[in-house]
Structures are given as C-alpha cells and as structure tokens.
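Read off the chains here:
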Amino acid sequence: MFRFIIKRLGIAIPTLLILIVFSFTLMHSAPGGPFTSERPLPPQVLANIEAKYGLDQPFYKQVTNYIVGIVTKGDFGPSFKYKDRTVNDIIAQGFPVTLKYGIWSFIIAVSVGISLGIVAAIKHNSIIDYFAVGFSIGAQVLPNFVMAPILVIIFTLWLGWLPGGGWNGGQWQYLIMPIIALSTSYMASIARIMRSSMLEVLNSNYIRTAKAKGLSNRQIIFKHALKPALLPVITYLGPAFVGMITGSVVIDMYFSTGGIGQMFVNSALNRDYSVIMGITILIGVLTIAFNLVVDILYAWIDPKIRY
Amino acid sequence: MSLLEIKNLSVNFSILNGSVKAVDDISLNIGAGETVAIVGESGSGKSQTVLAALGLLAENGVASGSVKFEGQELIGLERKKLNQIRGNQISMVFQDPMTSLNPCMRISDQMTEVLTLHKGMSKSEALLESVRMLDAGRLPDAKQVITRFPHELSGGMRQRVMIAIALSTEPKILIADEPTTALDVTVQAQMLELFKGLTKDFGTALILITHDLGVVAGIADRMMVMYAGRLVEKGTVDELFYSPHHPYTFGLLHSTPHVDNPEMRLEPIDGLPPSLENLPSGCAFNPRCEFKLDRCLVEAPPLIKSANGRSNACFYKGELVKRRKAGE
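*Asks:* Break down the overall build of chain A for me, with residues and values.
*Replies:* Summing up its helical and strand segments, chain A has twelve helices and zero strands in all. Going from the N terminus to the C terminus, chain A shows its helices and strands as α-α-α-α-α-α-α-α-α-α-α-α. Across its three principal axes, chain A shows a C-alpha extent of roughly 85 × 55 × 30 Å. Sorting the 307 residues of chain A into buried and exposed places 44% on the buried side.

Laid out in structure tokens, this is it:
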C-alpha cells in the first residue's frame with residue numbers, strides 16, 4: 001500500500017507537468033492577450049509591459065521560467081490584471097471561501113444522498129422510493145443557475161429569512177443558499193447511484209445467505225450490504241468532491257460569495273494568464289489527490305483490490 | 001410428529017402480465033435425522049419450495065399453505081420469530097458457493113455472527129468454535145483460512161465454509177440447495193461424504209435439493225420428484241430407483257448413466273420442461289410422456305397414496321417399458 005502511494009505520487013509529477021505545458025500552450029494560442037483592450041495601447045507601451053511580464057520571450061522560455069518559479073519559490077507569478085496582487089494572494093483570498101461552502105455542500109450531499117438512496121432501496125417501490133427517484137430526476141434536470149435565483153426569490157424576497165448574497169466571513173446565514181444550490185444536484189446523483197447499487201446488492205445471493213442466517217434487517221443492511229453497495233458511490237465521490245471544493249461560477253455570481261469559481265472564469269475572459277494557470281494547477285493537484293484517496297478507499301472496501 | 005411438516009404449499013410469483021404458480025400444492029414431512037431428496041429439472045419449483053418455507057422468496061413471491069416446524073407455523077410468522085428459527089434450527093446451504101458468501105467480509109466474521117446471534121457466544125468463543133467447525137468440515141489449515149476473504153478460497157473450500165456455517169448452530173434441519181452443482185466432480189464426491197458424515201454426527205435432518213440422481217442414490221432415504229411445480233412421485237429411494245411408477249421418474253432414471261451397465265445408451269426425455277406461464281392442459285408432463293392416455297390431455301392426475309407409503313400422480317397404471325427401443 002505504501003509503495004502504491006509513493007508510486008502514484010511519483011506519477012503525479014509528470015502528469016502535472018503535462019497539464020501545465022498543455023494549458024499554457026492552449027492559453028497562449030487563444031487570440032488576444034492580457035493587455036489587449038478596446039482602446040489599443042501605443043506599441044511602445046505595450047512592448048514595455050510585455051517585456052516586464054516576460055511575454056516577449058520565446059514560448060519555451062516562458063514555460064520553463066514559470067515552472068522553475070513554482071518549483072523553486074512556490075511563486076505562481078503576479079496577476080496580469082490586478083496590478084499589485086500575486087496569484088498566490090488571489091487564491092489565498094478566494095479558495096478558503098470556496099473550500100468552506102464546498103466542504104459543507106459535500107458533507108450534506110453525501111449524508112443526505114446516501115441515506116436517501118439506502119432508504120429508497122430498502123423500501124423499494126414504496127412512496128419513499130418514488131419520492132427519492134422523483135427528487136433525483138428533478139434535481140438533476142434543474143440546473144443550479146435556475147435553482148439559485150429561485151432560492152433567492154423564495155428565501156430573500158418572499159420570506160426575507162436569508163441575505164440574498166455576500167459572504168460576511170462565512171456566517172451561516174450567508175452559507176445556506178450557496179450550499180443548497182451547489183449540493184442538490186450532487187445529492188441527487190449520489191442518491192440515484194446509491195439506490196441502484198443497494199438494490200443490486202440486496203438481490204444478491206450473499207444477502208439471501210445473510211437472511212437465511214436469521215440476521216435482522218438492520219444487521220443485513222449495515223453489516224452485509226452497505227460496504228459492497230458503497231463501491232460505485234465512492235467512484236463518483238472523488239470527482240464530486242473536487243467539483244464542489246473548487247466551487248462554481250454560478251454560485252459565486254448569484255450569491256457574490258467571492259470564491260475561486262468566479263475568479264477562474266474572469267481570469268479566462270481577461271486572459272489573466274497567471275491566474276488561469278494558478279487555478280488550473282490547483283484543480284489538477286486536487287483531482288490527482290482525491291483520485292488517490294478514492295483508490296485507497298476502494299482497497300479498504302473491496303478486499304479483492306490490493307496494491 | 002414430524003419435525004417439518006409442509007402441507008398444501010403453493011408459491012405464486014406476480015410477474016408483468018399476471019402471475020405464475022411456481023409451486024403447486026406440495027406436501028411433505030421430514031422426521032428427525034432423516035435425509036430427503038427433492039429431485040427435478042431446473043424450474044420445477046424444488047428450490048422455491050424450501051425458500052418459501054424459510055421466508056426467503058424473492059420480493060414478488062407469495063407463499064400459501066402451511067409449513068410447520070415442530071408444530072409452529074412458519075408461513076406468515078413475524079420476522080423476529082422467524083429469525084430465531086432460520087440459521088439456528090433450520091440452516092441452509094446454497095447452490096453457488098462463489099456468490100453466496102459476502103465478498104467484503106472475512107470468513108471469520110461471516111462464521112461467528114451466527115454463533116454470537118443464536119448461541120449467545122462471545123466473539124472469541126465463537127471464533128474458536130468456528131475453527132473447530134472448519135476442522136470438522138475437513139478444511140485444512142482452518143486457523144489460517146478463517147482470516148481470509150472469500151475470493152482467496154477455492155469453490156470447494158467456500159462450500160465447506162458454507163456447510164460449516166450452516167451446521168455450527170447445530171440445526172435440526174439442514175437444507176442443501178444443489179450444494180454440489182457448482183463444484184467439479186471430484187469435489188462433489190468429497191462434499192457428499194461430508195454431508196453424510198456431518199449430518200449423521202450431528203443428528204441433523206437433511207433436505208437435499210438436486211437434479212443429480214447419482215447424488216440422491218448415495219445419500220438420501222426418501223425422495224420426491226417434482227415436475228412443473230407439482231409433486232409427481234414420492235417414496236423411498238430404493239423403490240423409486242428400482243420400480244418407478246411415474247413416467248417422469250422413469251425417464252429421469254433412463255437419462256442417467258449407470259456404473260454397473262456402462263453399455264446402456266442414455267435415453268433423454270424428449271422436449272423441454274414447460275414454461276410455467278403457459279402450462280399444457282391436463283397433466284403438465286403430457287407433451288413429453290411416452291405413456292400418455294387421452295385422459296391426460298384434459299385432466300391433471302392427483303397425487304394418490306398407494307399401500308406402502310408411496311405416492312404417484314399418474315393415470316397410466318401399466319408397466320413402464322421403453323417403447324422406442326424395439327423400433328430402433
């Protein structure tokens with residue numbers, strides 16, 4: 001197991017390098033640049049600015065400089081758009097926000113989704129089951145850019161219970177709507193996967209064996225069925241977790257939370273090269289890390305998997 | 001009083017367009033320590049009969065009739081009370097040892113749970129007892145094996161584990177649903193020896209469900225033959241083997257090879273078992289029967305007891321002789 005983890009971390013390095021080079025190339029081949037604006041700058045000024053940020057250097061040199069900067073100093077460079085802020089500053093400001101509502105969304109999506117899925121499977125073809133299936137489908141066809149304004153209309157305009165946006169240090173009133181808007185579709189997917197995998201497990205031969213042993217329903221579900229039924233859910237949870245903690249531009253825009261979701265999109269629109277790269281790398285690292293976590297969880301649940 | 005008394009048991013499955021009768025009015029008695037075989041082709045309802053008795057039918061199945069264990073009615077018994085009987089007084093070994101053990105649990109946990117549940121043992125007592133049971137099941141290196149997961153064991157080893165689990169609570173009845181079908185032939189013989197030996201040692205009654213007449217001959221006292229959900233003949237193994245009365249029993253015997261007569265040609269029963277959704281009128285066996293009478297096409301023969309405790313459901317009373325032989 002230890003060797004497996006070391007090996008996977010070893011593979012992570014070339015993976016990230018490829019990610020960096022690839023995104024860097026894509027980004028630079030997109031038309032326009034950070035200093036293109038509606039009113040063109042005089043050529044001399046533009047040349048000076050580009051020289052300052054190293055954009056006049058040959059492409060391969062820019063890439064190597066960028067990578068060397070990250071590896072030696074942990075420096076992701078200055079923002080091209082916000083003059084006196086570095087990428088590190090921007091991420092340090094936005095990521096904690098995203099992390100906070102992302103982790104809460106994850107906890108709620110997982111706990112509600114899994115319980116709903118289990119209950120639906122146990123009470124197969126009952127009212128609860130129909131409700132769970134209906135909820136899953138409904139929540140999945142309702143995109144969060146529709147859900148977010150609906151939430152604001154209900155809770156802010158009609159009921160006046162919750163503030164319509166802002167962050168305010170992450171107080172709970174400001175957290176509720178972003179969490180609901182972000183977690184619902186994930187919750188629905190988890191419930192759906194959990195339900196179908198639980199149903200499959202409950203129809204398996206070994207559950208029949210467990211029943212023949214005279215075990216109670218509770219023992220059958222929690223001791224015998226839960227672990228094998230969780231496998232497909234775990235596969236989904238890795239990417240889902242990364243998806244939630246890296247936030248969503250929709251959430252950040254509707255609720256003005258100021259997370260990195262919106263920063264990511266803005267940086268792409270502004271051709272703010274260094275911010276695009278910084279957030280891309282952050283998401284890349286998290287994705288690699290949580291795929292590893294999923295693989296480790298897999299080995300814990302399914303004894304057939306040994307590394 | 002017999003240990004297990006099944007009376008007029010029927011099992012219906014509701015399916016997409018209507019319902020299917022998988023078991024039709026079966027009655028049978030099992031006494032203490034007795035070995036009874038239920039024989040029939042796939043889909044004849046032999047497994048469903050015992051699954052119904054233990055409340056293990058699939059979601060869409062409904063059992064009616066009566067199954068009494070030591071006088072207590074099991075059909076419709078509340079789950080809690082049923083759970084005190086199954087796994088404890090009546091245990092079951094299933095057909096496929098590859099999928100009947102939980103792949104995510106160690107053998108030790110799967111073995112000890114019945115002992116802690118039914119016998120009130122502590123975890124460590126249960127573990128010792130489980131190792132002892134595996135030894136009794138002649139599983140080499142039991143102490144090591146018990147710490148493993150099912151996928152690390154061979155099919156034969158897993159079936160030994162299943163048998164050990166089933167017998168560890170010292171049940172009065174062991175139900176084995178095709179326990180050797182999924183195993184290769186050499187292991188089959190060992191398993192049968194094990195069943196014979198252990199049920200004798202523990203004084204357990206054995207209900208053996210099989211389509212393998214070789215298995216029946218080796219182990220059972222009595223046998224009952226099922227066809228399309230109905231009991232067609234029952235009696236002692238010797239009687240049925242040497243003088244079958246029902247054409248289906250007769251056909252089964254002729255489609256099984258005999259060691260003492262290796263030259264004999266096997267004569268399979270023509271045709272296939274009927275679909276339960278679409279049973280022929282009259283006797284369900286009539287399309288495949290060599291001896292059918294006009295009456296068989298319109299009327300289903302009832303199961304009739306004859307003098308020596310045998311029963312038979314057939315209108316044909318003549319001698320059963322292979323007719324085709326002459327013509328060939």
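More follows now that the structure is in view.
*Asks:* Tell me about the packing of helix α9 (residues 217-245) of chain A against helix α12 (residues 273-301) of chain A, and please be specific about residues and values.
*Replies:* All names here are of chain A. Where α9 contacts α12, the two axes come as close as 9 Å, and the packing angle between them is 170°. Overall, the two elements α9 and α12 adopt an arrangement that is roughly antiparallel. Between α9 and α12 lies a crossing of right-handed hand. Taking contact as the criterion, the partners of Lys-227, Leu-230, Leu-231, Ile-234, Thr-235, Gly-238, Phe-241, Val-242 and Ile-245 in α9 are, on α12, Ile-283, Leu-286, Thr-287, Phe-290, Val-294, Leu-297, Tyr-298, Trp-300 and Ile-301.

*Asks:* Describe the sheet that holds strand β9 (residues 222-227) of chain B, listing the residues and the values that go with them.
*Replies:* Backbone hydrogen bonds are what pair the strands of a sheet, in a parallel or an antiparallel way. In spatial order, the strands read β6-β7-β8-β3-β9-β10-β12-β11 (chain B); together these eight strands make up an open sheet with mixed pairing. On the outer flanks of this sheet lie β6 (90-93) and β11 (304-305) of chain B, each paired with one strand and no other.

*Asks:* How would you summarise unusual backbone geometry if you had to cite specific residues and measurements?
*Replies:* The phi torsion at A:Ser256 lies on the positive side, around 45°, for a residue other than glycine. Here A:Ser256 lies in the loop between α10 (249-255) and α11 (260-270). Phi is positive for B:Asp25, which is not a glycine, with a value near 60°. Turning to its location among the elements, B:Asp25 is positioned in strand β2 (residues 18-30). Owing to a relative accessible area of 43%, B:Asp25 belongs among the partly exposed residues under this scheme.

*Asks:* I'd like to hear about the pattern of salt bridges, residue by residue, with values.
*Replies:* For the coordinates displayed, the defined rule picks out 16 salt bridges over all chains. Of the charged contacts, one joins A:Asp295 and A:Arg8 as a salt bridge, the two residues approaching to 2.4 Å between their closest N and O atoms. Of the two residues, A:Asp295 is situated in helix α12 and A:Arg8 in helix α1 (residues 2-29); the sequence distance between them amounts to 287 residues. Ionic pairing is found between B:Lys21 and B:Asp24, a salt bridge with its closest N-O pair at 3.8 Å. Taking relative accessible area as the criterion, B:Lys21 reaches 37% and is therefore assigned partly exposed. Because the salt bridges share partners, they merge into one network encompassing A:Lys213, A:Lys223 and B:Glu113.

*Asks:* How would you summarise the sheet that holds β2(B) if you had to cite specific residues and measurements?
*Replies:* Residues and elements named next belong to chain B. The strand order across the open sheet built from four strands is β2-β1-β4-β5, with neighbouring strands paired in antiparallel fashion. Where the open sheet ends on each side, the last strands, each with one partner, are β2 and β5 (72-73). Across the face of the sheet, helix α1 (residues 46-53) comes into contact with β1 (4-15), β2 and β4 (61-69) while running at roughly 105° to β1.

*Asks:* How would you explain the interface of chain B and chain A if you had to name every residue and give the values?
*Replies:* With 26 residues of chain B at the interface, the matching set in chain A holds 22 residues. Among the residues chain B hides against chain A, the three largest losses belong to B:Arg79, B:Cys104 and B:Glu113. Together they make up 25% of the total. The interface formed by chain B and chain A contains two salt bridges. Residues A:Lys213 and B:Glu113 are paired through a salt bridge, measuring 2.8 Å at the closest nitrogen-oxygen approach. Joining chain B to chain A, the criterion identifies 13 residue pairs in polar contact (both at pLDDT 80 or more). Counting residues per element, the side of chain B that touches chain A draws most heavily on helix α3 (residues 107-118) of chain B, which supplies five residues. Of the residues that constitute the side of chain B that touches chain A, the class distribution is 13 nonpolar, eight polar and five charged.

*Asks:* An account of the side chain of A:Thr246 is requested, with residue identities and associated values reported.
*Replies:* All names here are of chain A. Relative to the assigned elements, Thr-246 resides in the loop between α9 and α10. There is a polar contact of 3.4 Å between the side chain of Thr-246 and the backbone oxygen of Gly-243. The contacts of Thr-246, once residues within four sequence positions are left out, are Thr-98, Ile-260, Gly-261, Ile-283 and Leu-286.

*Asks:* Break down helix α7 (residues 172-202) of chain A for me, with residues and values.
*Replies:* All names here are of chain A. An ideal rise of 1.5 Å per residue puts 45 Å on 31 residues; α7 reaches only 39 Å between its terminal C-alpha atoms. Where α7 bends most, at Ser-183, the angle is about 40°. Of all 31 residues in α7, 22 are buried; the element is thus mostly enclosed.

*Asks:* Just give me the short version of the environment of A:Gln140, but keep the residues and values in it.
*Replies:* All names here are of chain A. Mapping Gln-140 onto the fold places it in helix α5 (residues 127-141). On the accessibility criterion, Gln-140 (35% relative accessible area) is partly exposed. Residues Gln-140 and Met-187 lie 47 residues apart in sequence; the distance between their C-alpha atoms is 9.2 Å. Every residue in contact with Gln-140, bar those within four places of it in the chain, is listed here: Ser-185, Ala-188, Ser-189 and Arg-192. Reaching out from Gln-140, the side chain makes a polar contact with the side chain of Arg-192 at a distance of 3.2 Å.

*Asks:* Tell me about the side chain of B:Asn83, and name the residues and values.
*Replies:* Position of B:Asn83 among the secondary structure elements: in helix α2 (residues 79-85). Given a relative accessible area of 8%, B:Asn83 falls into the buried group. Looking at B:Asn83, its side chain comes within polar contact range of the main-chain oxygen of A:Leu215, at 3.3 Å. Not counting residues up to four positions away in its chain, the partners in contact with B:Asn83 are A:Lys211, A:Gly214, A:Leu215, A:Ser216 and B:His118.

Thresholds, definitions, all that
Residues numbered from 1 in each chain as written. Chains lettered and ligands numbered in written order. Predicted model: local features only at pLDDT ≥ 70, side-chain atom pairs only at ≥ 80, totals over all residues. Heavy atoms only, no water. Helix = DSSP H or I, 4+ residues; strand = E, 2+ residues; numbered from the N terminus. Buried < 20%, exposed > 50% of the residue type's maximum accessible area, 1.4 Å probe, protein only. Axes fitted to C-alpha atoms, helices over the stretch in contact; angles between N-to-C directions. Parallel < 35°, antiparallel > 145°, perpendicular 65-115°, else oblique. Left-handed = near helix turned anticlockwise from the far one by under 90°. Contact = heavy atoms within 4.5 Å. Pairing = 2+ DSSP bridges. Salt bridge = Lys/Arg side-chain N within 4 Å of Asp/Glu carboxyl O. Buried area = accessible area lost by both parts, 1.4 Å probe. Polar contact = N/O pair within 3.5 Å; in protein donor to acceptor, adjacent residues only side chain to side chain. Nonpolar A, V, L, I, M, F, W, Y, C, P; charged D, E, K, R; others polar. Expected span 1.5 Å × (residues − 1). Bend = angle between axes of the 7 residues up to and from the residue.

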